[in-house]
Amino acid sequence: MKNCKSIDKKYVANTYSRFDIEIVSGKGSYVFDDKGKKYIDLNSGIAVNTFGLCDKKWIDATTNQMNQFQHVSNLYYSAPGAKLAKMLCKRTGAKKVFFGNSGAEANECAIKVARKWAKDKFGEDDYYIITLKNSFHGRTITTLKATGQDVFHKDFGPFTEGFLYADPSNANELINLAKSKKCCAFMFEMIQGEGGVLPLDKNFVSKIVDYAHRNDILLIVDEVQTGNGRTGTLYAYEQYGFTPDIVTTAKGLAGGLPLGATLLFEKVEKTLGYGSHGSTFGANPVSCAGAISILSRINSKLLKSVNEKSKYIFDSLNGAKGIKSVSGMGLMIGIETDEDSSVVLKKCIENGVLPIKAKNKIRLLPALNIPMNTLKEAVKIIKKCAAGE
Ligand code: PLP
């Protein structure tokens, strides 16, 4: 669009510090800017475009649904939401699903469920939720407060009360916090994505899971970023050997359309009753049709290829010149560089590759079906940029 940047700057709220690139089209793992420059997309819209841009099967599924009806009120039954909820339950063991439109909304629902569950079971004051320092759970007033980073706790107060923060590497600190207040849930990401692509330690997780089980405290896992095949399993918690009580997800679920889901397992399956929660756009049929197309293709063959590509990235970057460390799981990867990551990122962009940042790291979140040769080309460029060549 002519003057897109100046019009955006003038009329769109100043909340995003954008790169100086206008994307005009995309196909698979490539995007093109308004000057015709081609980039390898290594962030897929921050873990949203699960099968890349303009994936044919996804377009067919969503346009098919659009040709039937684009939206109906949740006052009526409609097939896409029902079918998707069944698929999610069958694949995870969850009993019920609440659909919203974003990660923050999925987490809001999880928080409401945990509090109501505790109120129904133990009475009024069991409302504390322990989250982890350095976490990220969203930008609504409540999910900002659930986020364990002080930087998010200014300007917008007063915030929702009842959140406590524990160090992600110190299970005893978390357990002591849980003993100090009436606590209904622990809430955490298996890999802190915005926090710098930091997977939780397995020992830490097993200790807090064990404490929660012994003390009737709910386990809420935020899989907004890690979910839907991103880490090499359908959900990342599977790799930690426990079953949560509530799982939230969004981002890649519908492959590029807004959809959030809160998966409710046995303990909390009956917590929400008629009128206790809702969302006008929740379970939007087009988003759900997109999600059905995505979820039905996140199968063992795809997950195997995600793990193979992950191994390739780790093997290629670990120990490479200018690279201090590589963290993450599956195709959610953080790279710590000798040079300032903003400088390395700028070079990557100049060289036609689009990763993003997570704290002081370069973060890779490519489409799960990125072709191996495209990935190899991108990794080669990242290595070159990190090495300062
Ligand atoms: N939770 C996690 C772990 C996230 O990474 C994000 C977004 O980055 C959110 C919640 C918020 O999701 P949304 O931006 O869809 O509200």
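Everything numeric in this text was worked out from a predicted model, so none of it was measured.

Draft legend 1. Structural view of the sheet that holds strand 2 (residues 30-33). Strands sit in the order 1-2-3-15 across an open sheet of four strands; the sheet is mixed. Lying at the two open borders of the sheet, with one neighbouring strand each, are strand 1 (23-27) and strand 15 (353-354).

Draft legend 2. Geometry of the pairing of strand 10 (residues 218-222). Counting buried positions along strand 10 gives five out of five residues, so the element sits mostly inside the fold. Alternating residues of strand 10 divide into Leu218, Ile220 and Asp222 and Leu219 and Val221, and every residue in both groups is buried. Direction of pairing for strand 7 (residues 183-188) relative to strand 10: parallel, over a ladder of four bridges. Bridging from a neighbouring strand, phenylalanine 188 pairs with valine 221 of strand 10. Across three bridges, strand 10 lies against strand 11 (residues 246-249) in parallel orientation. Each bridged residue has a counterpart across the sheet, and for valine 221 the counterpart in strand 11 is valine 247.

Draft legend 3. Just the state of the cysteines, in detail. For the structure shown, the criterion picks out zero disulfides. Lacking any disulfide linkage, cysteine 89 is separated from the closest cysteine sulfur, that of cysteine 288, by 13 Å. A residue is classified by how much of its surface remains accessible, and cysteine 89, at 15% relative accessible area, is buried.

Draft legend 4. Broad picture of the side chain of asparagine 49. Among the secondary structure elements, asparagine 49 is positioned in the loop between helix 2 (44-47) and helix 3 (56-68). According to the relative accessible area criterion, asparagine 49 is buried, its value standing at 15%. Excluding residues that lie within four positions of it along the chain, asparagine 49 makes contacts with Ser44, Gly255, Gly256 and Ala367.

Draft legend 5. Representation of a nonpolar patch on the surface in the model. Side chains of Met1, Ile7, Tyr11 and Val12 sit close together on the surface and give an oily, nonpolar patch of about 430 Å² of accessible area. Position of valine 12 relative to the elements: it lies in the loop between helix 1 (4-11) and strand 1. Owing to a relative accessible area of 35%, valine 12 belongs among the partly exposed residues under this scheme.

Draft legend 6. Focus on the pattern of salt bridges. One pass over the structure, following the stated rule, counts 17 salt bridges. Lysine 347 is paired through a salt bridge with glutamate 339; the nearest N and O atoms lie 3.0 Å apart. The exposure class of glutamate 339 is partly exposed, given its relative accessible area of 30%. For glutamate 350, the salt bridge is made with lysine 346, and the minimal N-O distance between the two is 3.4 Å.

Draft legend 7. Examining empty space enclosed by the protein more closely. Counted according to the given criterion, the structure contains one cavity of 30 Å³ or more. Quantified by volume, the largest cavity comes out at close to 50 Å³. Around the largest cavity, the lining residues are Ala47, Thr50, Val224, Gln225, Gly227, Asn228, Arg230, Lys251, Gly252 and Leu368. Its residues assigned to classes, the lining of the largest cavity shows three nonpolar, five polar and two charged.

Draft legend 8. Quick look at the layout of surface pockets. Roughly 1,200 Å³ of internal volume is contained in the second largest pocket. Contributing to the lining of the second largest pocket are 28 residues, with Asn74, Lys96, Val97, Phe98 and Tyr274 lying nearest its centre. Contributing elements (two or more residues each) for the lining of the second largest pocket: helix 4 (79-92) and strand 4 (96-100).

Draft legend 9. Structural context of the packing of aromatic side chains. According to the stated counting rule, one finds seven aromatic pairs in the structure shown. Ring centres of phenylalanine 186 and tyrosine 211 lie 6.4 Å apart, and the angle between their planes is 15°; this geometry places the pair in the stacked category. Placement of phenylalanine 186 in strand 7 and of tyrosine 211 in helix 8 (residues 202-214) is noted, with a sequence separation of 25 residues between them. Note on tyrosine 211: relative accessible area 10%, which makes it buried. Ring pairing ties together the aromatic residues Phe188, Tyr235, Tyr237 and Phe242, which thus form one cluster. The ring of phenylalanine 51 carries the charged tip of arginine 297 above its face, separated from the ring centre by 4.5 Å.

Draft legend 10. Spotlight on the pairing of strand 5 (residues 128-132). Extensive coverage of strand 5 is indicated by the burial of five of its five residues. Judged by which residues are buried, strand 5 turns out to be covered on both faces: Tyr128, Ile130 and Leu132 on one side and Ile129 and Thr131 on the other are all buried. In this structure, strand 5 lies alongside strand 7, joined through three bridges in parallel fashion. What sits directly across from tyrosine 128, in strand 7, is cysteine 183. Here four bridges tie strand 5 to strand 6 (residues 163-166), and the two strands are oriented parallel to one another. From the neighbouring strand, leucine 132 faces strand 6, where its bridge partner is alanine 166. Handedness of the crossover joining strand 5 and strand 6 through helix 6 (residues 141-146) is recorded here as right-handed.

Draft legend 11. Structural context of the sheet that holds strand 10. If you walk across this open sheet you meet the seven strands as 4-12-11-10-7-5-6, and the pairing is mixed. Looking at strand neighbours, the two that pair on one side only are strand 4 and strand 6, the edges of this open sheet. The mean angle between the axes of side-by-side strands here comes to 20°, regardless of whether they run parallel or antiparallel. Along the sheet face, helix 4 touches strand 4 and strand 12 (260-264) and points at about 130° away from the line of strand 4.

Draft legend 12. Layout of the environment of isoleucine 175. By the secondary structure assignment, isoleucine 175 is in helix 7 (residues 171-180). Accessibility expressed as a relative area gives 12% for isoleucine 175, which makes it buried. Sequence separation between isoleucine 175 and isoleucine 130 is 45 residues; the distance between their C-alpha atoms is 9.6 Å. Apart from the residues within four sequence positions on either side, isoleucine 175 is in contact with Lys207 and Tyr211.

Rules of the game
Residues numbered from 1 in each chain as written. Predicted model: local features only at pLDDT ≥ 70, side-chain atom pairs only at ≥ 80, totals over all residues. Heavy atoms only, no water. Pairing = 2+ DSSP bridges. Helix = DSSP H or I, 4+ residues; strand = E, 2+ residues; numbered from the N terminus. Buried < 20%, exposed > 50% of the residue type's maximum accessible area, 1.4 Å probe, protein only. Disulfide = S-S within 2.5 Å. Contact = heavy atoms within 4.5 Å. Patch = residues over 30% accessible without salt bridge, like charges linked within 9 Å, V, L, I, M, F, W, Y side chains within 5 Å. Areas by Shrake-Rupley, 256 points an atom, 1.4 Å probe, with all protein chains shown as cover. Salt bridge = Lys/Arg side-chain N within 4 Å of Asp/Glu carboxyl O. 1 Å grid on protein atoms, 1.4 Å probe; cavity = no way out; pocket = protein on both sides within 12 Å on 5 of 7 lines; lining within 4 Å. Points joined across faces, edges and corners; volume = space filled by probe spheres on them. Nonpolar A, V, L, I, M, F, W, Y, C, P; charged D, E, K, R; others polar. Phe/Tyr/Trp six-rings, centres within 6.5 Å; stacked < 30°, edge-to-face > 60°. Lys NZ or Arg CZ within 6 Å of the ring centre and 35° of its normal. Right-handed = clockwise from strand over helix to strand, strands pointing away. Axes fitted to C-alpha atoms, helices over the stretch in contact; angles between N-to-C directions.

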